[in-house]
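# Chains, contacts and geometry: an overview
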Amino acid sequence: MTYFIALICVIGIAAGQILFKLSAATLQRTGSFFHLSTLSTLFAAFALYGITTIAWVWVLQKIELGKVYPLMAMAFVLVPIGSHLIFGEKFQVQYFIGVAVIITGILITVKA
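These numbers were taken from a predicted model, which means no experiment stands behind them.

Moving on: the overall build of the protein chain. On a plain count of helices and strands, the protein chain comes out with five helices and zero strands. Mapped in sequence order, the helices and strands of the protein chain form the string α-α-α-α-α. For the protein chain, the spread of C-alpha atoms along the three principal axes comes to 50 × 35 × 15 Å. Going through the 112 residues of the protein chain one by one, you find that 27% of them count as buried. Put simply, 68% of the contacts in the protein chain that link residues at least 6 apart link residues at least 24 apart.

A few words now on the nonpolar core. One finds Ala6, Cys9, Val10, Ile13, Trp56, Val59, Ile63, Val68, Leu71, Met72, Ala75 and Ile106 forming the largest nonpolar core, which totals twelve residues. Elements with a contribution of two residues or more to this core: helix H1 (2–30) and helix H2 (36–62). Broken down by element, this core gets its largest block of residues, four residues, from H1. Residues contacting Val59, with those up to four places away along its chain left out, are Thr2, Ile5, Ala6 and Val68.

Taken N-terminus to C-terminus, the directions of helix H4 (residues 75–87) and helix H5 (residues 93–111) make an angle of 150°; their axes are 9 Å apart at the nearest point. In terms of axis orientation, H4 runs roughly antiparallel to H5. Crossing hand, H4 versus H5: left-handed. Along the contact surface, H4 presents Phe76, Val77, Pro80 and Ile81, while H5 presents Tyr95, Val99 and Ile102.

Rules and cut-offs
Residues numbered from 1 in each chain as written. Predicted model: local features only at pLDDT ≥ 70, side-chain atom pairs only at ≥ 80, totals over all residues. Heavy atoms only, no water. Helix = DSSP H or I, 4+ residues; strand = E, 2+ residues; numbered from the N terminus. Buried < 20%, exposed > 50% of the residue type's maximum accessible area, 1.4 Å probe, protein only. Contact = heavy atoms within 4.5 Å. Core = buried A, V, L, I, M, F, W, Y, C linked by side-chain atoms within 4.5 Å. Axes fitted to C-alpha atoms, helices over the stretch in contact; angles between N-to-C directions. Parallel < 35°, antiparallel > 145°, perpendicular 65-115°, else oblique. Left-handed = near helix turned anticlockwise from the far one by under 90°.

Here it is as structure tokens:
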């Protein structure tokens, strides 16, 4: 269960990064931090990061940091996938090689 919550934290961090990018795009479009759409997207990103941080502290009470922290590397996999789906950003071949290296590293460290 604790590893499941840790995975939810990773997904939350990745989603927060996507929300920060959305708020940056909205800021560029509106030209103001105080525009409702910019503020709401930015607030959602901060709220998600806050909730995720509290959940992460709970996870750290249950599992050693060295055992659970490698899961955070999954954010390096999830954020580009989200940016592709939401913003249409393109992948390079190097991305897939990097994903394979990251996942291999996560598997090695979690099993250690």
